[in-house]
Amino acid sequence: MRTIDDISFENKKALIRVDFNVPLDADFNVTDITRIEAAKPTIIKILEDGGSAILMSHLGRPKAKEEAFSLKHIVEKVQEVIGVQVKFVEDCVGATAEEAAANLQPGEVLLLENLRYYKEETKGDKDFAEQLSKLGDVYINDAFGTAHRAHASTAIVAEFFEEKAAGYVIEAEIINAKKVLETGVSPITAIMGGSKISDKILIVEKLLNIADNIIIGGGMSYTFIKALGGKIGMSICEDDKQDLALDLLKRAKENNVNIILPLDTVIADDFSNDANIQTVIKGEIPDGWEGLDIGPKTRELFSETIENSKTVIWNGPMGVAEMENFAHGTIAIAHAVKNATAKGAFSLIGGGDSAAAINNLGFGDDVSYVSTGGGALLEYMEGKVLPGIAAIS
């Protein structure tokens, strides 16, 4: 796979697929600049080479061309982060976009309008991809968060370029994933959270051949606990995955992998931050109650395991972290990962809710690497071919 260090961009227009799918508040202010900051080195490298940068991205999932999803809302923040004036064009293909791209001078940056204003983007339409290709001389994919999608801008457009390469974000994502998959130092601990075991089957199976410890938290833990005969009340559970859960436990034992389940659970009588709350030991949740976070004994056990590890990967929250009363488990894990890193461990944060927890606590610089793509990272680690990476390889 070529990277942007293999290309001279002097007097060239680089069409860059970035991932600026950033969260906005009610007033359209960017509330998390992680993805913009991640793209900055790639953009600056191209400008310093004497080239110009044409940035394309999606934002949200527009059904039509709703103004709420316009990338015009982020122009000011992108300028602030990268330190360069950013021009904006209110389309991403066609005459208006082509004229704006043609007029771009070396050292300048142009941001295109939301790619997903066109349904052809997510359909991987070849004609749409060809229209995008008219805007630049070189194609750079630096959107790891969408690299697992065969969309027009992430994969198909590469067919129309002789010169194409990965940006620094994609390069860093692959390097850091390999630090777990190929060169991880034992003890290797994987922390798996989130609501469904079905979302994590393939990665857990892969980890059975790599990890020493697999910590299971979040909603997916209740499927394991019920399969083992525990009472889980109204807790989320995939009943049709109980046999799978038992099989994973059996295979883990055969591989000498320690699957660690919660010892206790914080439960509530309603799915609400204002619900009545109590803590019970695992498998003893009464009817009418549901588990919404790991308990204090579990926080202690999980933290001790993490802090004694040399390699850590974390993907998924330990509870309903968006509710303050049920965020304690996720926060405890974030502290433990930070502490493990301070002791010399390599820590990879697998995007999504885990990355949000780390960044919201201000721990982004206290862990080894925070991935910009949860789903893409999981699929890469599962061994799947990512269309966005295959297209530039």
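The structure under discussion appears in the preceding block.
All values reported here derive from a predicted model rather than from experimental measurement. (Residues numbered from 1 in each chain as written. Predicted model: local features only at pLDDT ≥ 70, side-chain atom pairs only at ≥ 80, totals over all residues. Heavy atoms only, no water.)

Time to look at the packing of aromatic side chains. If you walk through the whole model with that rule in mind, you get two aromatic pairs. Pairing Y118 with F128 gives two aromatic rings, centres 5.4 Å apart and planes at 35°, and the pair type is tilted. With Y118 in the loop between β4 (109-111) and α4 (119-123) and F128 in helix α5 (residues 126-133), the pair connects residues that are 10 residues apart, well separated along the chain. F128 shares its class with Y118; the two are buried. One cation-aromatic arrangement involves K65 over Y118; the distance from NZ or CZ to the ring centre is 4.4 Å. (Phe/Tyr/Trp six-rings, centres within 6.5 Å; stacked < 30°, edge-to-face > 60°. Helix = DSSP H or I, 4+ residues; strand = E, 2+ residues; numbered from the N terminus. Buried < 20%, exposed > 50% of the residue type's maximum accessible area, 1.4 Å probe, protein only. Lys NZ or Arg CZ within 6 Å of the ring centre and 35° of its normal.)

Turning our eyes to something else, we now look at the environment of I54. Tracing the sequence through the fold places I54 in strand β2 (residues 52-56). A sequence separation of 38 residues divides I54 from I16, and the C-alpha atoms of the two residues are 5.9 Å apart. Ignoring any residue separated from it by four or fewer positions in sequence, one finds I54 in contact with K13, A14, L15, I16, A101, L104, L110, L112 and L135. (Contact = heavy atoms within 4.5 Å.)

With that settled, consider helix α2 (residues 75-82). Within α2, burial applies to V75, V78, V81 and I82. Burial along α2 is one-sided: seen end-on, the buried residues are contained in an arc of 130°. Set apart from the buried face of α2 by more than 90 degrees, the exposed residues are E76 and E80. G83 sits one or two residues past α2 and shows a positive phi near 75°. (Arc of directions from axis to C-beta.)

Glancing now at helix α13 (residues 374-382). Burial within α13 is extensive, with seven of its nine residues counted as buried. All of the buried residues in α13 are G374, A376, L377, L378, Y380, M381 and E382. Two residues or fewer past α13, G383 is found with a positive phi of approximately 100°.

Turning next to the packing of helix α1 (residues 34-48) against α2. Packing of α1 against α2 leaves a shortest axis separation of 9 Å and a crossing angle of 60°. Crossing of α1 against α2: the hand is right-handed. Residues I36, E37, K40, I43 and I44 of α1 form the contact with α2, whose own contacting residues are K77, V78, V81 and I82. Split into classes, the residues belonging to the contact of α1 with α2 amount to six nonpolar, no polar and three charged. (Axes fitted to C-alpha atoms, helices over the stretch in contact; angles between N-to-C directions. Left-handed = near helix turned anticlockwise from the far one by under 90°. Nonpolar A, V, L, I, M, F, W, Y, C, P; charged D, E, K, R; others polar.)

This paragraph deals with the pattern of salt bridges. One pass over the structure, following the stated rule, counts 15 salt bridges. The closest approach of N and O atoms between D49 and K45, which form a salt bridge, is 2.9 Å. Across the pair E205 and R251 runs a salt bridge, and its minimum N-O distance is 3.4 Å. In this pair, E205 sits in helix α7 (residues 201-207) while R251 sits in helix α9 (residues 242-254), placing the two residues 46 residues apart along the sequence. With relative accessibility at 23%, the residue E205 sits in the partly exposed group. Of the residues examined, R251 reaches a relative accessible area of 25% and is grouped as partly exposed. (Salt bridge = Lys/Arg side-chain N within 4 Å of Asp/Glu carboxyl O.)

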